[in-house]
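Examination of the molecular architecture
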Amino acid sequence: MTASLDALPLARRITGHAYRAGASLVTTLFTDEEATLMRYHYAPDPSFDRAAGWLYDGMAAAFRSGAARLAITGANPSLLANEDPDKVGRANRAMSRSYQPALELITRFHINWTIVAAATPAWAAQMFPNDAPDVALGNLWDAIFATTRIDSDDPVAAWKAHDANLQKRAAFLNEKRYAALKYRGPGTDFRLGLADDHQWLGGGSTAENGLYCIPNMPTEEVFSMPHKDRADGTVTATKPLSHQGTMIEGIHVRFEQGRIVEMRASKGQEVLQKLIDTDDGARRLGEVALVPHSSPIASSGKLFFNTLFDENAASHVALGQAYTSCVRGGEKLSPEELAGKGANKSLIHVDWMIGSEKLDIDGITASAVAEPLMRRGEWAD
Ligand code: ZN
Ligand code: ZN
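I will try to describe carefully the structure that is included in this document. (Residues numbered from 1 in each chain as written. Chains lettered and ligands numbered in written order. Predicted model: local features only at pLDDT ≥ 70, side-chain atom pairs only at ≥ 80, totals over all residues. Heavy atoms only, no water.)

**Description of the coordination of the zinc ion (ligand 1)**
Keep this limit in mind: Coordination shells were defined by N, O and S atoms within 2.8 Å of each metal, extended to 3.2 Å for Na, K and Ca; water is absent from the atom set, which can make sites look incomplete. Site shape is set this way: if four donors have all angles between 85 and 135 degrees, tetrahedral; if opposite donors are over 155 degrees apart and all others between 65 and 115, square planar for four donors and octahedral for six; otherwise irregular. Buried, partly exposed and exposed residues are distinguished by accessible area as a fraction of the type maximum, computed with a 1.4 Å probe on protein chains only: under 20%, between the cut-offs, and over 50%, respectively.
Looking at the zinc ion (ligand 1), the protein donor atoms are E221 (OE), E287 (OE), E311 (OE) and H316 (NE2), and they sit 1.9 to 2.4 Å from it. In this structure, the zinc ion (ligand 1) is surrounded by four donor atoms whose angles at the metal cover 73 to 148°, and the resulting shape is irregular. Going along the chain, you hit the donors of the zinc ion (ligand 1) in the pattern E-x65-E-x23-E-x4-H. For the pair the zinc ion (ligand 1) and the zinc ion (ligand 2), the metal-to-metal distance amounts to 3.4 Å, and E287 bridges them. Here the two residues E311 and H316 agree in accessibility, since each one is buried.

**Quick look at unusual backbone geometry**
If a residue is not glycine, its phi is most likely negative; likewise, a peptide bond is most likely trans. Rules: Where helices and strands are cited, they refer to DSSP runs of H or I of at least four residues and of E of at least two residues respectively, numbered from the N terminus.
Residue P218 follows M217 across a cis peptide bond; omega there is 10°. Inspection of the secondary structure assignment puts P218 in the loop between strand 9 (212-213) and strand 10 (222-224). A positive phi is found at N216, a non-glycine position, where the angle reads about 80°. Take N216: it is sitting in the loop between strand 9 and strand 10.

**A word on the packing of aromatic side chains**
Put simply, the rule is: A pair of aromatic rings is counted whenever rings of Phe, Tyr or Trp (Trp by its six-membered ring) have centres within 6.5 Å, and the orientation is called stacked for planes under 30 degrees apart, edge-to-face for over 60 and tilted otherwise. Note on geometry: a ring has a charge over it if NZ (lysine) or CZ (arginine) is within 6 Å of the ring centre and within 35 degrees of the ring normal.
Tallied over the full model, the rule gives nine aromatic pairs. Relative to F48, the ring of Y40 has its centre 5.1 Å away and its plane inclined at 45°; by these criteria the two rings are tilted. Aromatic side chains Y56 and Y99 sit 5.5 Å apart centroid to centroid with 70° between the ring planes, which places their arrangement in the edge-to-face category. Residue Y56 is found in helix 3 (residues 53-64), and its partner Y99 is found in helix 4 (residues 85-107); the two are separated by 43 residues along the sequence. Accessibility classification places Y56 together with Y99 in one group, the buried group. Ring pairing ties together the aromatic residues W123, F304 and F309, which thus form one cluster. Its end group placed over the ring of W379, R169 keeps NZ or CZ at 4.2 Å from the ring centre.

**Digging into the coordination of the zinc ion (ligand 2)**
The zinc ion (ligand 2) binds to the protein through E287 (OE), H349 (NE2), D351 (OD) and D351 (OD), with metal-donor distances spanning 2.0 to 2.5 Å. Each of the four donor atoms bound to the zinc ion (ligand 2) contributes to angles spanning 55 to 139°, and the resulting shape is irregular. Binding-site remark: the zinc ion (ligand 2) is held by donors from one chain whose sequence spacing is E-x61-H-x1-D. Its relative accessible area of 2% is what places E287 among the buried residues.

**Structural notes on the side chain of N76**
Selection criterion: Only heavy atoms matter for contacts: two residues are in contact if any of them lie within 4.5 Å across the pair.
With respect to the element layout, N76 can be found in the loop between strand 3 (69-73) and helix 4. Look at N76 and you get buried, because its relative accessible area is 17%. Not counting residues up to four positions away in its chain, the partners in contact with N76 are E33, A122, Q126 and G245.

**Looking at the nonpolar core**
Put simply, the rule is: Among buried residues, the Ala, Val, Leu, Ile, Met, Phe, Trp, Tyr and Cys ones that are joined through side-chain atoms within 4.5 Å form a nonpolar core.
In this structure, L181, Y183, W200, I251, F255, L290 and W352 are the most contacted members of the largest nonpolar core, which totals 41 residues. When residues of this core are assigned to their parent elements, the largest contribution, four residues, is made by helix 8 (residues 269-276). With sequence-adjacent residues up to four places away left out, F255 is seen in contact with F190, A231, D232, G233, V235, I260, V261, R283, L285 and W352.

**So, the pairing of strand 20 (residues 370-375)**
Along a regular strand, successive side chains alternate from one face of the sheet to the other. What counts is decided by this rule: The pairing criterion for strands is at least two bridges between them, as found by DSSP.
Here strand 19 (residues 360-364) pairs with strand 20 via four bridges, running antiparallel. Residue pairing across strands places G363 opposite E371, the latter belonging to strand 20. The turn joining strand 19 and strand 20, which pair antiparallel and follow one another in sequence, is formed by five residues; a positive phi near 70° is taken by A368. Pairing between strand 20 and strand 21 (residues 378-379): two bridges, direction antiparallel. Within strand 21, the position partnered with R375 by the bridge is E378. Here strand 20 hands over to strand 21 after two residues, with R376 in that stretch at a positive phi of 45°.

**What to know about the sheet that holds strand 10**
Within a sheet, adjacent strands bond to each other through the backbone by hydrogen bonds, running parallel or antiparallel. In spatial order, the strands read 7-10-16-17-18; together these five strands make up an open sheet with antiparallel pairing. In this open sheet, the two strands that pair with only one neighbour each are strand 7 (201-202) and strand 18 (349-353). When strand 17 (residues 316-320) meets strand 18, the two strands line up antiparallel, connected through five bridges. For A318, the partnering residue across the bridge sits in strand 18 and is D351.

**Here's the deal with the pairing of strand 4 (residues 113-117)**
The following threshold applies: Crossover handedness is defined here as right-handed if the route from the first strand over the helix to the second strand goes clockwise, with the strands pointing away from the viewer.
Summarising burial for strand 4: four of the five residues are buried, a large majority. Note that strand 3 and strand 4 share five bridges and pair parallel. Residue pairing in the sheet places I72 in a bridge with V116 of strand 4. For the segment spanning strand 3, helix 4 and strand 4, crossover handedness is right-handed.

**Some words on the pattern of salt bridges**
Put simply, the test is: Salt-bridge detection follows one rule: a side-chain nitrogen of Lys or Arg within 4 Å of a carboxyl oxygen of Asp or Glu.
One pass over the full model with this rule turns up 22 salt bridges. Residues K228 and D229 are paired through a salt bridge, measuring 3.3 Å at the closest nitrogen-oxygen approach. Assessed through its relative accessible area of 19%, K228 is described here as buried. Of the residues examined, D229 reaches a relative accessible area of 32% and is grouped as partly exposed. Salt bridges sharing partners connect three or more residues here, namely D45, D49, D86, R90 and K274.

Given below as structure tokens:
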């Protein structure tokens, strides 16, 4: 488990429940945002190309021997806003490189994993800037509980019903087997080819260890694998992207044959540039996800400044690493076979939001017939 020190009370409660549920050993890595800032202020420049590789190797080793993974998010969305974007980019890249073996085990569901959120003072202050700190913190907890269905009478039953809904939607799309999706909206005119043998997923998954898990709480998306060479046209992001402590806003990109060939952002452009320069796969897409505008997070009208929530408020795409499980039988394919189907490979996986109540999406069948899939941000059927 990873958590910030601000999430200590929740981490402790989860630890207790984990042991009672049969966990043999709970190991939590706590992070401290003050210490992170000290690194940016005092650490020698060359050190920003390094990461605690031994730590991530250890995590990968734990996953290989069956450890489950739980991340508690809730970081200050603007922690690194005033730090040198070059250092931020290099540190992120070094971290991504070291984390790659562990991330690979997660993205192919070798283990059961999930991400949940804890309200923290800095995050709450950013979301509710006009409220007193304790009121803001309470408001953020309420928002987390509402969007993760914890405030319903029977949260477990609510999750089961929600999960069944997402599975049904994914099954519908799997039956359709669209060759591509066509997006139209303000600043967006975009055609995205889907990977060969792609598979839509939504809600829970059975990991390779046989355990059923709901990765990401909240989750509102059905998602699949785009073909890394088949994205063409322009896309405008509909929400700001909070990435590793920096806000990236007003993202507008143009794709040609899967690659970003033009990019601008009204804020955080340098960080975005460094991000897509991480490797060749960082400027290609690894995930496509559909979320109706009426989902609880979208209808809350709140911007969370946290991808776990904001990506579930809108249809989105992700730059970088694809999820192997989004190809039929993908877990058994070699890296070359996966690439042949169109699976993207990268050190990064960063979701950004392109959906809104103004977005129309068509499904394009194998015989090039366009069928309405979403209209004004809602499922067309
Ligand atoms: Zn997603
Ligand atoms: Zn994603």
